[in-house]
2 protein chains.
Amino acid sequence: MQVDKIICHCRQLLTLSGSRAPRTGTAMSDLGLIPDGALAIRDGRIEAVGETAEILARYSTDEVIQARDSVVLPGFVDCHTHPVFVHTREDEFAQRLAGKSYVEIAKSGGGIRSTIATTRAADEDQLYELARKRIQRMIGQGTTTLEAKSGYGLDTESELKQLRVIDRLAHDLPIRIVPTFMGAHEFPAEYKDDHPAYIDILCDEMLPAVAEQGIAQFCDIFTEAHVFSIGESRRVLNCAREHGLRLKMHADEIEPIGGAELAAELECVSADHLGAASDAGIEALRKAGVIPVLLPATLFSLRSKSYARGREMIDRGLPVAIATDYNPGSCNCDSLPLTMSIACLQMGLNPAEALCASTVNAAHALGLAGDVGSLEPGKSADFTIWDIPSLNFLPYHLGSSHLTGVFSRGNRIWGTEL
Amino acid sequence: MQVDKIICHCRQLLTLSGSRAPRTGTAMSDLGLIPDGALAIRDGRIEAVGETAEILARYSTDEVIQARDSVVLPGFVDCHTHPVFVHTREDEFAQRLAGKSYVEIAKSGGGIRSTIATTRAADEDQLYELARKRIQRMIGQGTTTLEAKSGYGLDTESELKQLRVIDRLAHDLPIRIVPTFMGAHEFPAEYKDDHPAYIDILCDEMLPAVAEQGIAQFCDIFTEAHVFSIGESRRVLNCAREHGLRLKMHADEIEPIGGAELAAELECVSADHLGAASDAGIEALRKAGVIPVLLPATLFSLRSKSYARGREMIDRGLPVAIATDYNPGSCNCDSLPLTMSIACLQMGLNPAEALCASTVNAAHALGLAGDVGSLEPGKSADFTIWDIPSLNFLPYHLGSSHLTGVFSRGNRIWGTEL
């Protein structure tokens, strides 16, 4: 059979095949490793995977890419990011190190409200250009599918503006970008003393507009003490579901207020952060089949003494995913390889689990596991090529990147010719 | 005056000027920032630093490099690395995550003794090629001066072989490389039950040969419980001094056995690691003017619950330096920017202190502060160019690199044309 392209002589091809369901337990360590592996690609999709000799015998092509001595992985799925904003907040990083609290920083004009102010003031093209550069850097770290949230507008027009930016990025960039509406990221200053009024705007104005324009697939909310309560979150998420959006939550990041339990009750696709989730909440997530999306780089950036219980969640049978949480405040990390290192070192995942968490299970956290997250016939030919001896090298090494090629839908989108 | 090259319109030129002595206390936060800065370069050295208008008025040149919108820093000085070995040990990383102890790993053939076995067996060209690639990656992270240790040979010929490799690298690569003899890195297996015999070889055979061949500037030793005792270390280091070598120590990394105190007694140039150094040891270092070289990425890679007390040492007036500790076992980190992030987040340094620790004070830890570590007239024109808004961005951001140019002795050695 004629195909468009064959990638062959991958020293190790890690397929992670057999990933229809989110992976749990020891299945998270099953790499589906093919030594001297090859991929046959047709119309941007994987036609076949196998050993090089077998693939070359069964398929013919005009384009053979030799990946000798390289490890080939599924492209990373970064299932939790906030890339649409104006200014980075590195000076707050220094202020936190000098001992200033988040409240002090907020009072002196910093914090998320400063991001909201400049995002509201920015025009769409400026936001687009800034986010595009950031996402190109993520691609250069191996990301081929990205979830991107709004949530720095907090008024109807500014939220729609962010979502339009994400929509343009999804159209223009050569990777998959999944848009998430997060008007419930914080209460804007003008409603800080009138939460019910902002909830009304979310439910009566923003969500109908987002649904009508069809520019978000998910709705997310920051459910946390002093932000959106359990009751407020339930109302917003139920409304989002009525408008056809799938549900995500920032749940129990700092205090265990029952966010995980609510995510289970509402059967959210994912519950994210979970640094303080209770035992009951974790068990509820497991029973409800909610993906726990852990964000180890955020806890690292915030100098947290404790981390979400990733090791324990895997041991209890939850299909853990990890993501960068790229944002201007708490975590300016654009690299899933570094996030994997932190997940291993600070949460106790093993390298294979960390890979599964940032590919297969992350794809499930976006409802995209039919298309991406593993290298199997029928799926999109999204993969990355690494000059490393084995997967273990990826989280073991810190610093320079050994990535040499990124392919999306079968096309090279980053890296040099092999 | 005619100069060879002018780098101008640096949005921020961080000179760290005034660095004749190691920096302590609040002086570690003094960046010597020149807005719209410029460097005039002649014969590979800095002729002048100043504002762009002033430099362009005083100097003429045929080569002007516009660094508009960039931050320019002194090249990094990585003052503690072990880059000469054969195989990386990523599988041990996975074994440690799976709960295996260092002793179990060593018993199953891993650990430093596996590195020693392959390093002994390797020919010099193989070691050279492997180390060269690693150091080129370090250059790509902004390092322009590097200390490189032997210590994976542990017999006279194998140690000399490693030092010859370092000597060739110093000759061939466009950065400064400082060679350190570390035959006392561990007791080789054949002397594990006869420490005095190995000490005799170190003192009577290796050190005289190293001195005669003139291929090391420093002698380092791993002073630690179950490795080299205080008494053994004193004998080796005194012998090294008699042979004209300057002294460094791996001191009190894991247990406080008095390594810092010995470093002070012997007036070592630096005492490195210090994760478990006692209060008295820290005070002794301060009084003796020994540079404490902290290795935050190592503690991170080893999943340490506690870190060397960097914040406290600075507050007590010690001239803290940081380094990557790049090696195949405990820390495969080749990036000083990431090391700065970890120093900030896990040791509480501020970004300016982390920069001082990886430039000025690191240069003092190599006795090279007359030449490198800051951007001042007369020093080598070693600098890096960054597409970042300010220094704070460097440790704040995690993942992709914003480095765009590396210059050594006035020549671009990495990066694209601006």
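Every residue gets a number counted from 1 within its own chain, in the order that chain's sequence is written. Following the order in which they are written, the chains are lettered starting with A and the ligands numbered starting with 1. In keeping with the model being predicted, local features are shown solely for residues with a pLDDT of at least 70 and side-chain atom pairs are shown and tallied solely at 80 or more, while totals for entire chains, interfaces and linings include all residues. For side-chain calculations, the full set of non-hydrogen atoms in the structure is used, while hydrogens and water are omitted.

### Observations regarding unusual backbone geometry
All names here are of chain B.
And step 1. Positive phi, normally seen in glycine, also occurs at Asp252, with a value near 50 degrees.
And step 2. Position of Asp252 among the secondary structure elements: in the loop between strand E12 (246-251) and helix H9 (259-265).
And step 3. Asp252 gets classed as buried once you look at its relative accessible area, which sits at 0%.
And step 4. Of note, Glu267 is a non-glycine position whose phi angle comes to about 50 degrees, a positive value.
And step 5. As for its position among the elements, Glu267 is in the loop between H9 and strand E13 (270-273). Helix and strand assignments come from DSSP, with helices taken as H or I runs of at least 4 residues and strands as E runs of at least 2, each series counted from the N terminus. Only protein chains enter the accessibility calculation, which uses a 1.4 Å probe; a residue is then buried when its area is under 20% of its type maximum, exposed when over 50%, and partly exposed in between.

### Some details on the relation of the copies chain A and chain B
And step 1. Residues below a pLDDT of 70 in either copy are left out; the C-alpha atoms of the rest, at least 70 in both, set the least-squares superposition of the copies. Least-squares fitting of chain A to chain B yields an RMSD of 0.0 Å, with the superposition described by an axial translation of 0.0 Å and a rotation of 180 degrees. Read as a symmetry element, the transformation amounts to a two-fold axis. In terms of C-alpha distance to the rotation axis, chain A has Gly399 of chain A as its closest residue, with the C-alpha 3.9 Å off the axis.
And step 2. With an isologous cut-off of 70% or more, the 100% of interface residues of chain A that recur at the interface of chain B puts this contact in the isologous class. The criterion used for residue contact is that any of the two residues' heavy atoms lie within 4.5 Å.

### Some remarks on a negative patch on the surface
Residues and elements named next belong to chain A.
And step 1. Within the patch definition used here, like charges are joined within 9 Å and nonpolar side chains (Val, Leu, Ile, Met, Phe, Trp, Tyr) within 5 Å, considering only residues with over 30% relative accessible area and no salt bridge. Note on areas: Shrake-Rupley with a 1.4 Å probe; residue coverage comes only from the protein chains shown. Between Lys or Arg on one side and Asp or Glu on the other, a salt bridge is scored when a side-chain nitrogen of the former is within 4 Å of a carboxyl oxygen of the latter. Charge convention: Lys and Arg are scored as positive, Asp and Glu as negative, and His as well as the terminal groups of each chain are ignored. Where a charge lies is defined by one atom per residue type: Lys uses NZ, Arg uses CZ, Asp uses CG and Glu uses CD. On the surface, Asp4, Asp43, Asp62 and Glu63 cluster together to form a negatively charged patch.
And step 2. Looking at the element boundaries, Asp4 is found in the segment before strand E1 (5-14).
And step 3. The partly exposed category is assigned to Asp4, whose relative accessible area is 40%.

### Let's talk about the sheet that holds strand E11 (residues 218-223) of chain B
Residue and element names in this part refer to chain B.
And step 1. Taking strand neighbours across the sheet as the criterion, the 8 strands line up as E8-E9-E10-E11-E12-E13-E14-E15 in an open arrangement whose pairing is parallel. Single-partner strands in this sheet number two, and they are strand E8 (76-78) and strand E15 (321-322).
And step 2. Two strands qualify as a pair provided DSSP detects at least 2 bridges between them. Across 4 bridges, the pairing between E12 and E13 is parallel. Bridging from a neighbouring strand, Met249 pairs with Ala271 of E13.

### Examining the domain arrangement of chain A
Often the size quoted for an interface is simply the accessible area lost on bringing the parts together.
Residues and elements named next belong to chain A.
And step 1. What fixes the domain bounds is an automatic or database domain assignment. Segmenting chain A into domains produces domain 1 (5-74 + 374-415) and domain 2 (77-364).
And step 2. In this structure, domain 1 and domain 2 have C-alpha centres spaced 29 Å apart.
And step 3. Two parts placed together each lose some accessible area under a 1.4 Å probe, and the buried area is that loss summed for both. For the pair domain 1 and domain 2, the summed buried surface comes to about 2500 Å²; carbon and sulfur atoms form 68% of the total.
And step 4. Across the pair Asp382 and Arg176 runs a salt bridge, and its minimum N-O distance is 3.5 Å.
And step 5. The term polar contact refers here to a pair of N or O atoms within 3.5 Å; inside protein, the definition further demands a hydrogen-donor-capable atom paired with an acceptor-capable atom, and it admits residues adjacent in sequence only when both atoms are side-chain atoms. There are 9 residue pairs in polar contact (both at pLDDT 80 or more) connecting domain 1 and domain 2.
And step 6. Elements supplying a minimum of two residues to the side of domain 1 that touches domain 2: strand E5 (71-74), strand E15 (383-386), helix H16 (393-396), strand E16 (397-398), strand E17 (403-408) and strand E18 (411-415).
And step 7. Its residues assigned to classes, the side of domain 1 that touches domain 2 comprises 18 nonpolar, 10 polar and 5 charged. Following the grouping adopted for this structure description, the nonpolar residues are Ala, Val, Leu, Ile, Met, Phe, Trp, Tyr, Cys and Pro, the charged ones are Asp, Glu, Lys and Arg, and the polar ones are all others, Gly among them.

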